[in-house]
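Analysis of the macromolecular model
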Amino acid sequence: MNFQKICVLGLGYIGLPTASTFATHGLRVVGVDINTAIIETLRGGKIHIHEPGLGTVLQAALESGDLTVSSEPEEADAFLIAVPTPFYLDTHGEYNGRQYKLADMRAVTSATEAIIPHLRKGNLVVLESTSPPRTTIDLVAPILERSGLKVGSDFFLCYSPERVLPGQILRELIENPRVVGGITPESAAAGRDLYATFVKGEIIETDATTAEMVKLMENTTRDVNIAIANEFSRLAEKFGVDVWEAISLANRHPRINILNPGPGVGGHCISVDPWFFVEAAPDLTPLIYQARQVNDEQPHFVLSKVRQAVGSLNEKKIAVLGLAYKPDVDDLRESPATEVVHLLQKDGARVKVWEPFKPEADLPGIDMACTLEEAILEADALLLLVNHTEFRALHPDDLISTTKARIAFDTVNGWDAEKWQKAGFQFIRLGAGK
Ligand SMILES: NC(=O)c1ccc[n+]([C@@H]2O[C@H](COP(=O)([O-])OP(=O)(O)OC[C@H]3O[C@@H](n4cnc5c(N)ncnc54)[C@H](O)[C@@H]3O)[C@@H](O)[C@H]2O)c1
């Protein structure tokens, strides 16, 4: 199938790089977002998210005229939906006394509805948003058929999960293998033709529900594996073992790959997607549910260990380094670091946060510092919550004279214990019970 013009709905971390990449590979692209502030920012040639290299690609796409942005979709050969699929914060499901989170599919629903007036025979629609199993068949297809057109015969419909790594999105968009799940084999073939515009990795055709499951299985596997690492970290503390040393030794086994423990699991994917399985089949997912519980409890484990190190937290000043959900990104969604800050504050601590990727973050009740120096100056303890490259590069010898703190607490194995101790800090690492 031949594509001249596409419409990408949702211009966030996924939609904007995708729209820009299609535009720099010869398609005319209309990028659509309901957030008018984002449209204004993009029209002004600026960018609202941090992703290395995206500014350059976006600039090229806008200047060539191949990418335009709008708050409304318009007629096109293909429509891509890359809108958020979070969980509801104010409501939950329950099974056998276990509370689970519910997928909030309102953005997918409204983006799909916005396509209806522009849908024509022969068009392709692709859902990229991570979604519960059967969303493409049970939610998206019936909405699109309100146009009077029949899915499979009049228009093509696919689910294609996005598997890029934030921080590497532009490279991985092109190089990663791509799964394209069609509602019919012809739909999958049409999806394949579209992504072949720029994807250099293998493009694998399957059905829509398999493709949905693939994405959820990938992220659920990581969640469960991080949960076991976090549980190992608690066990190591109990037995006086350094979990980081134990993991690195266990990983010398040719078939073992234990992931890193830490202050919890965050972000828009790994801490959210397993719930889509639990909601869809709570009776079949006790392990997935339990892994979510373990990872969600990890900020409480951090709190208990900080308390042990610092004593009563009442009126103690804690400098928190990092608020993002993972290293070297500006994304704060579902970040466990935020939860740790709230827990410290509940215990009476006065917390100042330095997040170099989002110093201006405006989060209720969280006191952001404008510089590292400001965050640490009066602190009683430094608490490393995110393994940003620039935090790993800090020199404790330089810091010791710019902070009152003499305790350095590392939850992510980012700092060299010996260096910090030599510089005069009491050094504690989460999971290092030695
Ligand atoms: N961020 C990632 O690393 C990543 C990786 C893989 C998959 N995903 C999935 O991709 C999807 C998008 O994630 P994201 O990180 O890009 O989200 P995001 O919040 O960064 O961007 C989504 C954008 O969609 C816009 N939007 C909401 N409703 C809309 C509508 N009806 N019409 C048009 N625009 C609308 C929002 O204003 C926002 O700008 C989610 O399902 C997510 O789980 C994300």
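Shown above is the structure to which this text applies.
Overview of the structure. Owing to the predicted nature of the structure, the values given are computational and were not obtained by experimental measurement. (Residues numbered from 1 in each chain as written. Predicted model: local features only at pLDDT ≥ 70, side-chain atom pairs only at ≥ 80, totals over all residues. Heavy atoms only, no water.)

**Some points on empty space enclosed by the protein**
Our working rule: Lining residues are defined by having an atom within 4 Å of a point belonging to a cavity or pocket. Those points lie on a 1 Å grid over the protein atoms alone, cavities being sets where a 1.4 Å probe fits but cannot get out and pockets being open sets with protein on both sides within 12 Å along at least five of seven lines. Grid points are joined across faces, edges and corners, and a volume is the space filled by probe spheres set on the points. Throughout this entry, Asp, Glu, Lys and Arg are counted as charged residues, while Ala, Val, Leu, Ile, Met, Phe, Trp, Tyr, Cys and Pro are counted as nonpolar. The remaining residues, Gly among them, count as polar.
In the structure shown here, the tally under the stated rule is one cavity of 30 Å³ or more. In terms of lining residues, the largest cavity is bounded by Pro-161, Glu-162, Arg-163, Glu-172, Leu-173, Asn-176, Pro-177 and Arg-178. Counted by class, the lining of the largest cavity contains three nonpolar, one polar and four charged residues.

**Some thoughts on the sheet that holds strand E7 (residues 124-127)**
As a reminder of what qualifies: Pairing between strands is defined by DSSP: at least two bridges between them are needed. What counts as a helix is a DSSP run of H or I of at least four residues, what counts as a strand is a run of E of at least two, and both are numbered from the N terminus. Fitted lines through C-alpha atoms serve as axes, helices being fitted only where they are in contact, and the angles separating the N-to-C directions of these axes extend from 0 to 180 degrees. Here, two residues are considered to be in contact whenever any of their heavy atoms come within 4.5 Å of each other.
Pairing is mixed in the open sheet, where eight strands are placed in the order E3-E2-E1-E4-E7-E8-E9-E10. On the outer flanks of this sheet lie strand E3 (67-70) and strand E10 (203-207), each paired with one strand and no other. Within the sheet, the average angular offset between the axes of one strand and its neighbour, ignoring direction, is 25°. Relative to E7, strand E4 (residues 78-81) is paired through four bridges, and the arrangement is parallel. Within the sheet, the bridge partner assigned to Ala-78 lies in E7 and is Leu-124. Sheet strands touched by helix H2 (residues 36-43): strand E2 (28-32) and E3. Its angle to E3, the strand with the most contacts, is close to 150°. In this fold helix H5 (residues 135-145) packs onto E7 and strand E8 (156-159), with an angle of close to 145° to the strand it touches most, E8.

**Looking at the side chain of Lys-305**
Spelled out, the test is: Each residue's exposure class comes from its accessible area (1.4 Å probe, protein chains only) as a fraction of the maximum for that residue type: buried when under 20%, exposed when over 50%, partly exposed otherwise.
On the secondary structure map, Lys-305 appears in helix H11 (residues 286-310). In this structure Lys-305 comes out as buried when scored by relative accessible area, which is 12%. Setting aside anything within four residues of it in sequence, one finds Lys-305 in contact with Glu-237, Phe-409 and Leu-430.

**Quick notes on the packing of H11 against helix H12 (residues 336-346)**
Going by this rule: If an angle is under 35 degrees, it is roughly parallel; if it is over 145, roughly antiparallel; if it lies from 65 to 115, roughly perpendicular; otherwise it is oblique. By convention the crossing between two helices is left-handed if the near helix lies anticlockwise of the far one by an angle smaller than a right angle, and right-handed if it lies clockwise.
Two numbers describe how H11 lies on H12: the axes approach to 9 Å, and their chain directions differ by 45°. Here H11 is positioned oblique relative to H12, judged by the angle of their axes. As H11 packs across H12, the resulting crossing turns out to be right-handed. Residues Pro-299, His-300, Val-302, Leu-303 and Val-306 of H11 lie in contact with H12, whose contacting residues are Pro-336, Glu-339, Val-340, Leu-343 and Leu-344.

**Let's talk about the pairing of strand E5 (residues 87-95)**
Here five bridges tie E5 to strand E6 (residues 98-103), and the two strands are oriented antiparallel to one another. Along E6, the bridge assignment pairs Tyr-95 with Arg-98. If you look at the hairpin formed by E5 and E6, you'll find two residues sitting between the two strands, and Asn-96 has a positive phi there, around 50°.

**A closer look at the packing of aromatic side chains**
The following threshold applies: Note on aromatic pairs: the rings of Phe, Tyr and Trp (six-membered ring only in Trp) are paired at centre separations within 6.5 Å, and the planes decide the class, stacked below 30 degrees, edge-to-face beyond 60, tilted for the rest. Put simply, a charge is over a ring when the Lys NZ or the Arg CZ is close to the ring centre, within 6 Å, and near the line of the ring normal, within 35 degrees.
A full pass over the atoms with the stated rule returns five aromatic pairs. Aromatic pair Phe-22 and Tyr-195: ring centres 6.2 Å apart, planes at 45°, arrangement tilted. Of this pair, Phe-22 sits in helix H1 (residues 15-23) while Tyr-195 sits in helix H7 (residues 185-195), placing them 173 residues apart in sequence. As far as the burial class goes, Phe-22 and Tyr-195 line up, both buried. Residues Trp-275 and Tyr-289 carry aromatic rings whose centres are separated by 6.0 Å and whose planes lie at 80° to one another, so their mutual orientation is edge-to-face. Linking Trp-275 in helix H10 (residues 273-280) with Tyr-289 in helix H11, this pair joins segments that are 14 residues apart in sequence. Neither residue differs from the other here; Trp-275 and Tyr-289 are each classed as buried. One aromatic cluster is present, formed by Phe-22, Tyr-195 and Phe-198 through successive ring pairs. Just above the ring of Tyr-289 sits the side chain of Arg-98; from NZ or CZ to the centre is 4.8 Å.

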